[in-house]
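# Notes for the structure review
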Amino acid sequence: MMIVTVRDPKILSNLDPQQLITYLQKNGWNQEKQFGNSESVWYKITDSGEEFDITLPLNPNIRSYALRMSEILETLEKASGYSQLNILSYLIERLIYENSHKKF
């Protein structure tokens, strides 16, 4: 199995924090706390008892946003068993779907 790490800052910078929140909620992650409009902390305990946590930046305009998204994809990969590309594809597909169904 080939492991691919997503590092493209343009792709990572365009990930929507709300898309990630929806993904986390649908995949058994729990929000532990939120720090204003800057970030939220999430955790998940897998069936095998392994615990994971991520700190999700809520403002895509911060300088470290792409790096933080890369770290989050890495953690999601470990916690879910899905590749970073599969997770990224899901997030992009959801974004396209939601944007195509917005009413103007």
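Okay, so let's go over this structure. Quick caveat, the model's predicted, so the values are computed rather than measured.

### Overview of a nonpolar patch on the surface
Together, Ile-11, Ile-92 and Ile-96 line one region of the surface with nonpolar side chains, adding up to about 240 Å² of accessible area. Within the secondary structure layout, Ile-11 lies in helix 1 (residues 9–13). Note on Ile-11: relative accessible area 34%, which makes it partly exposed.

### Some details on helix 2 (residues 17–26)
For helix 2, the complete set of buried residues consists of Pro-17, Gln-19, Leu-20, Ile-21, Tyr-23 and Leu-24. Among the residues of helix 2, the N-terminal cap falls to Asp-16, whose side-chain oxygen and the backbone nitrogen of Gln-18 are separated by 3.1 Å. Immediately beyond the C-terminal end of helix 2, within one or two residues, lies Gly-28, with a positive phi of roughly 80°.

### Here's the deal with the side chain of Thr-46
Its location among the elements puts Thr-46 in the loop between strand 2 (39–45) and strand 3 (51–57). On the accessibility criterion, Thr-46 (15% relative accessible area) is buried. A distance of 3.1 Å separates polar atoms of two side chains, one belonging to Thr-46 and the other to Ser-48. Ignoring any residue separated from it by four or fewer positions in sequence, one finds Thr-46 in contact with Phe-52 and Ala-79.

### Some points on the sheet that holds strand 2
On the basis of which strands lie adjacent, the open sheet formed by 3 strands has the order 1-2-3 and antiparallel pairing. Every other strand in the sheet has two partners, leaving strand 1 (30–35) and strand 3 as the edge strands with one partner each. Taking the axes of each pair of neighbouring strands and ignoring which way they run, one obtains an average angle of 20° across the sheet. Here strand 1 runs beside strand 2; their pairing, made up of 5 bridges, is antiparallel. Looking at strand 2, one finds that Phe-35 is bridged to Glu-39. On top of the sheet, helix 2 reaches strand 2 and strand 3; it is set at about 160° to strand 3, its chief contact. Lying on the sheet, helix 3 (residues 65–80) is in contact with strand 2 and strand 3; it crosses strand 3 at an angle near 155°.

Rules and cut-offs
- Residues numbered from 1 in each chain as written.
- Predicted model: local features only at pLDDT ≥ 70, side-chain atom pairs only at ≥ 80, totals over all residues.
- Heavy atoms only, no water.
- Patch = residues over 30% accessible without salt bridge, like charges linked within 9 Å, V, L, I, M, F, W, Y side chains within 5 Å.
- Areas by Shrake-Rupley, 256 points an atom, 1.4 Å probe, with all protein chains shown as cover.
- Salt bridge = Lys/Arg side-chain N within 4 Å of Asp/Glu carboxyl O.
- Helix = DSSP H or I, 4+ residues; strand = E, 2+ residues; numbered from the N terminus.
- Buried < 20%, exposed > 50% of the residue type's maximum accessible area, 1.4 Å probe, protein only.
- Polar contact = N/O pair within 3.5 Å; in protein donor to acceptor, adjacent residues only side chain to side chain.
- Contact = heavy atoms within 4.5 Å.
- Pairing = 2+ DSSP bridges.
- Axes fitted to C-alpha atoms, helices over the stretch in contact; angles between N-to-C directions.

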